[in-house]
Each structure stands twice: as structure tokens, then as C-alpha cells.
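# Residue-level structural notes
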Amino acid sequence: MNTITFTNENKTIQAENGENLLILMRRAGFKPDAPCGGNGKCGKCKVTLGDGSTVLACQTKIEGDLTITDIHGTPQDAQILMDASIPAGKKAAAVPRDNEIGEAQEKIPVSGPMLREKKVTVRPCPNGESISDWTRFAEGVGEPVKVDPRVSSKVGRMARGNGGTVYAVLFGNEVMDVYPESRDCYAAAFDIGTTTVAGYLLRLIRAGEEEDSEKTEPCVVTTDSCMNPQAQYGADVINRANYALENGMEEISACIHAAIQKLLDSMADKAGISTEDIFLISVAGNTCMHHLFLGIDVDSLVHAPYNPAVSDPMILRASDYELKAHEKTRLLMIPNIAGFVGADTVACLVATGLAEQEDWTLLIDIGTNGEMVLGRNHKMLACSTAAGPSFEGAGISCGMRGSAGAISKVVWADDHWECGVIGDGKARGICGSGLLDLAAELLRSGQMDEYGELDESPLVLTDGEHSENGKPVTFEQKDVRQLQLAKAAIASGIHLLAKKQGIGIDEIRTVWLAGAFGSFLSPESACRIGLIPEELNGRITAVGNAAGEGAKMVLTDAQMWEYAESISKESGFLELAAMPEFQDRFVDELMFPE
Amino acid sequence: MSAILEELAGLVAAGKAKIVPGKVQEALDAGEAPIDTLNCMIGAMDVVGERFKNNEIFVPEMLIAARAMKKGVEVLKPMLAEEGGVNAGKVIIGTVAGDLHDIGKNLVSMMIESAGFEVIDLGVDVPAEKFVETYRANPDTKIIACSALLTTTMPSLRDTVALINEQDFRKDIKVMVGGAPITAEFAAEIGADAYTEDAASAAAKAKELVA
Ligand code: B12
Ligand code: FES
């Protein structure tokens, strides 16, 4: 046994010979930054040892006692976008169901609210008859409900002590619980992103609502968010999946369950309610987040042909996934479309009503995976473009996520750079929206040609004197190359989707940008550098966290839940990797527009 | 180098695919030996590769230059064949099973070709056995090169190299591996002979390996 000492953190742990330092650090409860998943490629897991040398933790095997004086990185914070701003217009319409829900599936209401409260009069049992409490309760409900031992055990006594009245909370034909009084009933929606997790607490039913003539609409009571704790196992979905394949699902699943529970608790706390009043939980996330959350094997997801293990919508029991809310809380898993087009995209489609648009509309979630959908009138085609994490600052020399200290806006003022910094403090690095502005300005001012060659490299955006940590914020030739790869991937996706839908780029009337990056970037810069085709300049609107919005919508209205399913089945999927013309397009798009 | 060859080198580097064949012919007509003309273009591609490595140019320029080179080589081919060729040897290349990324591999393939090798490109999603079978059909192969771009196809790369390493012909060939997630350590661990970070160094390494 060797003793490993972390001096800064004041912690020592024991380790066997041959143990990997990065794994050890996770075991010690640190959350080391390991974007490349321990491949030795990203350099972010650097630590300083007692002798002053620095090593990559992921490449270090324990061979004796070791002192670590500095753990350099912890996963960076990111700005988390909670709000959505969906343009008004045609929204999702009811879709007639053609197929009956299979036996095994839970019956949910065909229309109307997902969760209902019903005031139920339980008639007393006439003397001489022996009609069960449940039967008389069910009569009072007035619609077929599934018999439930837990409810039947308390409903008789509750009714007798309450003048024959109970309030039943119903989810489809399921009685979630009965109460002596009408009460507020809640649900929680989660958008589990690869980087961030957003949670929303919704009040679906207001106490006394049934007596009121006016019905109160469901509303968001509070929200909360956190970084996805799985980040310590790798920045992108492939590295996460790889970790699960190599080390089993347990750890990586458990850590997201714990994060969700924490958000449930904190939101309940903020709202001053008990988590037992939360009856429904919906989850939107990309296919990998979806699978990892459910503990479903990700093998098929990360090897060609990259199909999900399951795409269907699922209604499960939250308690089976280590979530503590009400004992019977249901977990609504929004369906996926394909391996890399997941429930988050479906949720965006639900929220925006893209399928209902009469003009060609493009929805893009610009991120590591760059999912996009092009469609109109229920003719939808989706693809995923693997842009890589450059827009999140990874792989860019002074890159960082869009959080405090990041240069997010850049203007070339004839002889110097003017930089807008998030939080208005000093600059520490540059984030995605800053990169787009910078490239656009470099092109405009002729300091970079269409091949991406810089006149000067590195160029200094903010010098050491004015930066946060005394180090200048710079931009180099190799950063342009990363940007070119990422932008070419997205742009090629857009072009090939249009081609497959048989339309010209100009026929796309509207572009909706979903997600945090899409909300902060300048559409003009995006078009100037050809990330989005220049023809579409002026047609771009940010829709905010549409995935979160969709996750909320499926909780409130049964039609929306069904709509999510039909949309996910309707949407086609285009596998770019299988298109021989991808490479030519990609290489063309690597260049900047003149 | 003669003025005309210098000019040719410039045209290749600039990717003038339309003009290069004519210029090659011009050089030959002016009495340049086919082999010298070829070496001139190889030299030009070396410079291109070096600039790529230093980030001065990028994928499009490199592809354009490689295309121009290819056009020039087509003119030379019949003559070189007569002279017995300058074939540095055969290289089998492919992206490993489960992986469909091929842009990087194509660049490597072009650069290796530009360095005078004959390349058999097996494409993407290549099963390990296919590399072995292709060798059996081409026993004069000098190098097998495998590309992997996904963390999750690194095991597939490992299996591929393992299978090659089991073969009786292993001592007669060199195995090169590469791709964004691959490191020199990983290459050594799985028993490959060489890893390089980019296409230009891959070509240089290939030459070194067969020297
Ligand atoms: C273009 C691209 C695609 C294209 C591929 C098209 C094609 N025909 O190749 C498309 C869009 C289809 C695609 C799909 C996918 N991709 Co992709 N893709 C990229 C992207 C943007 C660029 C890759 C590239 O071409 N680079 C340019 C070339 C020139 O560089 P290179 O490949 O590294 O090659 C150089 C060296 O590595 C070396 N080299 C390469 N091979 C060899 C071999 C030898 C022997 C040697 C010596 C050297 C060598 O030399 C080359 C030239 O210098 C990267 C992200 C990025 N920004 O890098 C993601 C990326 C590689 N893809 C990724 C993923 C996850 C996928 C998908 C699984 C997911 C998805 N969203 O659909 C699918 C799977 C495809 C499949 N079935 O295999 C991830 C991998 C993550 C990881 N941790 O493994 C990346 C890193 C993006 C990300 N972070 O999410 N992708
Ligand atoms: S280099 Fe160690 S985690 Fe990336």
C-alpha cells in the first residue's frame, strides 16, 4: 500500500501499486477534469507533484508514495440556459392515434391534463352487504381505474373520517394516491445535457381547483440546475459511453441519479413543498444521456451503425432509478429518434412545433454533436454532425466555456480588439460566441484569408496586464483549424439535409437555434464564417432551452406526450457518415466564404 | 533543379491540377528524366506536408495539392513503369471496424502515395481479417496502416493490430496506426510499430520504416 497525499485539499488516501492516479482521484471524491476520458490526449488532467514536476494523472500509475501539490483543473462551469423563447405560430396539433398502446404500456389519458385531481364521494357500505372500500371508491371515481392495494388500504378509513369525501390524484387509469383534502400537485421536468442539467418544478394542480370555476394553468414554480457530474468521466458522449463500457454502468448512472435527486430536493425546498408531492418526472436528453440515466447498455450506441438500444417512449417508476419523490412517481422518458438524435431533439420539436410549419424550417442545436432537423408539414429529416467541442472552448488554446471571464463578443476597431467579457470582469479566455465573432472580424478586416490563414499568429486579444490571471488571451493558427472543422461539420449537415429534402438552401425560411450556445452567438458572425449558410442571414431566431420547454410540455398535456411519440417516429434520420458526398462537401465547407 | 521543375513544384504546391499535367509533359519534352520529374513533385508534396504540419495550410489546400500531384503522376506512370518504377512499396490502409471516419485516413493515403508508395485503400469499417486477407493477396506489401477516430473504436484498432501480430508474415511488414484519439503510448501498447500525429509525418515515417 502506498500513501497518496493531496496537500492543497488536505487529504490522503491509500493506493495499491499500479493504480491509475486519475481513477484514484475520482475515488478520493475529487472531480478531476478529464475531457478526453483518460486517453492522454487533452492534457487537462494535469497535476503537480511534490517534486515540482507536472504529470497527466490519467497516464500516471502509482508506484510508491506520492504527493500532489496541485490539481489544476476541475470541470469548468458553464452558463446554463433555463428559459425558452419559442416564436408564436402554429403549434403542435393533436395527432390521431392509429395504433393502440400495447398491453404492457401504461394507459395514459388520451387527452387533457396528464395529472388530474378528482373529488370522490365514497358511499358508505350498506349494512348487510359487503362491498369493498375499493369498489365503492372506484364507483365514486366514475371511470375505470386500476385496483391498487396501497390506496384501498387507506381509502375506506379516510372517507369515513372525512364525511365520505376523498381527493384522488389520477394519472391515466392509475390512482396515484388519495388525500382527505385537495392539494397542490407537482411535476418535475429535466433536460439532461452532456454538460449541464436543467430542472423545472411545475405545479400541475392547484389545491381547490376543482371547486373553482376558473381552471389554473400549470405553471413553473421554480427551477434549478447543475453541471452534469458525469463530466469527470469525459467531456463528450463517446468518452462517457466508453467509460461505462469499460467500468460498468453503475457509477456513471448513479452519479446522474444523485444529481437529479439533488435538484428535486433543492427545488422542493425552494418551493416549500415535499418531494412527495411530485408525481411525475420527465426526462429529455441526448440518446447517450438517456441510456446512461436508465442504465441501458450503450454498446450499440457507440459502434457502427450507432443505433440506440431503445427509442420508444417509456413510463417507468422513478423509485426504480433511485429517485425519491412520491412512492408512485412516474418517470416519463421522452423517446429518441436515432443514435445521435435523442429525446432532447424530440423535446425541441414538441416545444417549437416544427412539424406544423408550412415553410421549410431548420432547427439546430449547435453543440458537440450538432443535432439538426429540417422539415415542414410533418416531413422531417434529422441528422447529427459531430462538430466536436470547440464551440465549448475545448481544443482552443485560450478556449473556455461561456462563463464568467470568457470573451463572448469581439470587434476589430481598426487597430485593436475590443472584447466583451461575460460578467464584465477581466478576460480569462474566449468562448464559442467570441470565437465566431473573432473569425468573422478577421475575415472582414482581411487579417485571415478564406483558407483560414492568419496574417499573424498568435494574435493577442487581451494582454497579460488586462487579463484575469496575468496571462494574455491569444488566438492561434491551430485554433482556426479547430474552428474550421467544427463549422464545416455543421454547415455540411445543413447542406446535405437540404439536398436530401430536395430543396435549395434559400428555400429554408426560418432557422431556430436551440440551446445555450445558439442563444449567445451572433447570427451575423455565424453566417459570415459560413457556419450557417449566408443565405439564411436574417432568418435566424434563438429559441433558448427548447428541450427543457418540451420536457415541461409533455408533463402538462397528454396530447403532448403522444405528440412526442408520433413526432419521434415520423422524423427521418440521415446518416451523414454513410453519404459518399459528405467528404467533398465537408472539405468545401472547411473554407470560409470570401 | 531546372527552372521548369521548380515551376512544376510550385504548381503542385499551389494545387493547379489543370496545369500540372501539361507542365510535366513540358518538362519531359525538355529532357528531364521521368524519375527526376517525379522526385520534384514528391519534394513539392513534402513541403506541402510540412506546411500542413505547421498549421500553415489545412485540409482543403493539402487535398488540392495532392490532386494536382496525382494528375501529374498519371502522365508519368507509363514511363515510370517502363523504367521499372520508383515504387517504394505497397501500403495497405483502412479505417478499422466500427468506424466510418475517413477524411484523415484519405489524407494519409494521399501523402503516402505522394511519397512514392502504391496504396491499397480498403476504405472504412474494415474488419481485421480484411487487412490480413489483403496482405495475403499482396505479399509484397511493406506496411499496413490503420486509422481510428473514435475512442470507442480504439479497441477495434487493438484487435486489428493483434490479429496482424499473430500472422506469420508479421516480421515482413510494419504496422502504422493513427487517428485523433491515438497516442504513441497506445500504439506501443497494442504492438504497432509506429504512430504519427499527422499525414505529413505519416509519409515520412513510412519512408523511414521501409528504408
Ligand atoms: C468530420 C467528422 C465526422 C464526419 C465524418 C465524415 C467522414 N467521411 O470522415 C461525420 C459527420 C459523418 C461524423 C460522424 C460521427 N462522428 Co465525427 N467527427 C468529425 C470531425 C468534425 C472532424 C474529423 C476529421 O475529419 N478531421 C480532419 C482530419 C484531417 O483529421 P484526422 O481525422 O484526425 O486525421 C489526421 C490524423 O489523426 C492522422 N491520422 C488519421 N488516420 C491516420 C492513420 C495513420 C496510420 C496515421 C499514421 C495517421 C493518421 O493524420 C490525419 C491528417 O493529418 C471530428 C471533430 C473534430 N473537430 O475533429 C468529429 C469526431 C471525430 N466525431 C465524433 C463522433 C462521436 C462521431 C459519431 C459517432 C457521432 C455523431 N455525432 O454522429 C459519428 C460516427 C461516424 C461513424 N459511423 O464512424 C467524435 C469522436 C469523439 C470521441 N471521443 O471519440 C469527434 C471527435 C467529435 C466529438 N468530439 O464529438 N464525424
Ligand atoms: S489527458 Fe488525461 S484526461 Fe485527457
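Note that the coordinates shown come from a computational prediction; the quantities given were computed from them, not determined experimentally. (Residues numbered from 1 in each chain as written. Chains lettered and ligands numbered in written order. Predicted model: local features only at pLDDT ≥ 70, side-chain atom pairs only at ≥ 80, totals over all residues. Heavy atoms only, no water.)

### As for the sheet that holds strand 2 (residues 11-15) of chain A
Residue and element names in this part refer to chain A. Here is the rule we go by: Paired strands, as defined in this entry, are two strands with at least two bridges between them according to DSSP. Only DSSP runs of H or I with at least four residues qualify as helices, and only runs of E with at least two residues qualify as strands; both kinds are numbered from the N terminus onward. Only the stretch in contact is used when a helix axis is fitted, and all axes are lines through C-alpha atoms; the angle between N-to-C directions ranges over 0 to 180 degrees.
Strand order in the open sheet made by the five strands is 2-1-5-3-4, with mixed pairing throughout. A single partner strand is all that each edge strand has here, and the edge strands are strand 2 and strand 4 (54-56). The average undirected angle you get between the axes of adjacent strands in this sheet is 35°.

### Examining the interface of chain B and chain A
Interface size, as often reported, equals the accessible area lost upon joining of the parts. Rules: For this analysis, residues touch if any pair of their heavy atoms sits within 4.5 Å. By convention, the term buried area covers the 1.4 Å-probe accessible surface removed from two parts as they join, with the contributions of both added. The term polar contact refers here to a pair of N or O atoms within 3.5 Å; inside protein, the definition further demands a hydrogen-donor-capable atom paired with an acceptor-capable atom, and it admits residues adjacent in sequence only when both atoms are side-chain atoms.
Each side of the interface is counted separately: chain B has 26 residues, and chain A has 24 residues. Taking both sides of the interface into account, the surface hidden between chain B and chain A amounts to around 2200 Å²; carbon and sulfur atoms contribute 61%. Our count for the contact surface shared by chain B and chain A stands at ten residue pairs in polar contact (both at pLDDT 80 or more). Elements represented by at least two residues in the side of chain B that touches chain A include exactly helix 4 (59-82) and helix 5 (103-114) of chain B.

### Observations concerning the site of ligand 1
This is how the line gets drawn: Nearness here has a simple test: a residue counts as near a molecule or strand if at least one of its heavy atoms is within 4 Å of that partner. Residues are grouped as follows: Ala, Val, Leu, Ile, Met, Phe, Trp, Tyr, Cys and Pro are nonpolar; Asp, Glu, Lys and Arg are charged; every other residue, Gly included, is polar.
Around ligand 1 sit 44 residues, and of these Tyr306, Asn369 and Ser384 of chain A together with Leu100 and His101 of chain B come closest. At ligand 1, the nearby residues belong to more than one chain, namely chains A and B. Asp99 of chain B has a polar side-chain atom sitting 3.4 Å from an oxygen atom of ligand 1. With respect to ligand 1, the backbone of Leu100 of chain B contributes an N or O atom lying 2.6 Å from an oxygen atom. Breaking the shell around ligand 1 down by element, the ones donating at least two residues are helix 4 (237-247) and helix 15 (582-589) of chain A together with helix 5, strand 3 (141-147), strand 4 (174-178) and helix 9 (199-210) of chain B. A total of four residues in the shell around ligand 1 trace back to one element, the largest contributor, which is helix 5 of chain B. Here the shell around ligand 1 is composed, by residue class, of 26 nonpolar, 13 polar and five charged.

### Remarks on the side chain of Asp437 of chain A
All names here are of chain A. Quick reminder of the rule: Throughout this description, buried means an accessible area under 20% of the type-specific maximum (1.4 Å probe, protein chains only), exposed means over 50%, and partly exposed covers the range between. Positive charges come from Lys and Arg, negative ones from Asp and Glu, while His and the chain ends are left out of the count. A pair is scored as a salt bridge if a Lys or Arg side-chain nitrogen falls within 4 Å of a carboxyl oxygen belonging to Asp or Glu.
Along the chain, Asp437 turns up in helix 9 (residues 432-444). For the buried Asp437, which has no salt bridge, the nearest side chain bearing the opposite charge is Lys409, at an N-O separation of 5.7 Å. Aside from chain neighbours lying at most four places away, what touches Asp437 is Ser408, Lys409, Val410, Ser522 and Ser525.

### So, the sheet that holds strand 8 (residues 174-179) of chain A
All names here are of chain A. Across the sheet, three strands lie side by side as 6-7-8; this open sheet has antiparallel pairing. On the outer flanks of this sheet lie strand 6 (115-121) and strand 8, each paired with one strand and no other. Each strand of the sheet is rotated relative to its neighbour by a mean of 30°, with strand direction disregarded. Sheet analysis places strand 7 (residues 165-171) next to strand 8, joined by five bridges and oriented antiparallel. Opposite Leu170, over in strand 8, you have Val175 as the bridge partner. Relative to the sheet, helix 2 (residues 133-141) contacts strand 6, strand 7 and strand 8, its axis offset from that of strand 6 by approximately 115°. Across the sheet, helix 3 (residues 149-160) touches strand 7 and strand 8, and the angle it forms with strand 8 is around 35°.

### A closer look at the pattern of salt bridges
Residues and elements named next belong to chain A. As enumerated under the stated definition, the model contains 35 salt bridges over all chains in all. Its salt-bridge partner being Glu143, residue Arg116 comes within 2.9 Å of it at the nearest N-O pair. Here Arg116 is found in strand 6, whereas its partner Glu143 is found in the loop between helix 2 and helix 3, with 27 residues between them in sequence. By relative accessible area, which is 22% here, Glu143 ends up partly exposed. Two residues, Asp277 and Arg183, come together in a salt bridge whose shortest N-O distance is 2.7 Å. Taken together, the residues span a long stretch of sequence, with Asp277 in the loop between helix 5 (250-271) and strand 12 (278-285) and Arg183 in the loop between strand 8 and strand 9 (185-192) at a distance of 94 residues. What makes Asp277 buried here is its relative accessible area of 12%.

### A word on empty space enclosed by the protein
All names here are of chain A. Filter applied, for reference: The rule is simple: put a 1 Å grid over the protein atoms alone, call a set of points where a 1.4 Å probe fits but cannot get out a cavity, call an open set with protein on both sides within 12 Å along at least five of seven lines a pocket, and count a residue as lining if it has an atom within 4 Å of a point. Grid points are joined across faces, edges and corners, and a volume is the space filled by probe spheres set on the points.
For the structure shown, the criterion picks out two cavities of 30 Å³ or more. What the largest cavity holds in volume is close to 780 Å³. Forming the boundary of the largest cavity are 39 residues, of which Thr195, Thr196, Asp365, Glu392 and Ala516 lie nearest the centre. Those elements that place two or more of their residues in the lining of the largest cavity are strand 9, strand 10 (196-205), helix 8 (343-352), helix 9, helix 11 (515-520) and helix 13 (546-556). Among the elements that take part in the lining of the largest cavity, helix 11 stands out by supplying four residues, more than any other. Taken together, the residues that form the lining of the largest cavity break down as 17 nonpolar, 15 polar and seven charged.

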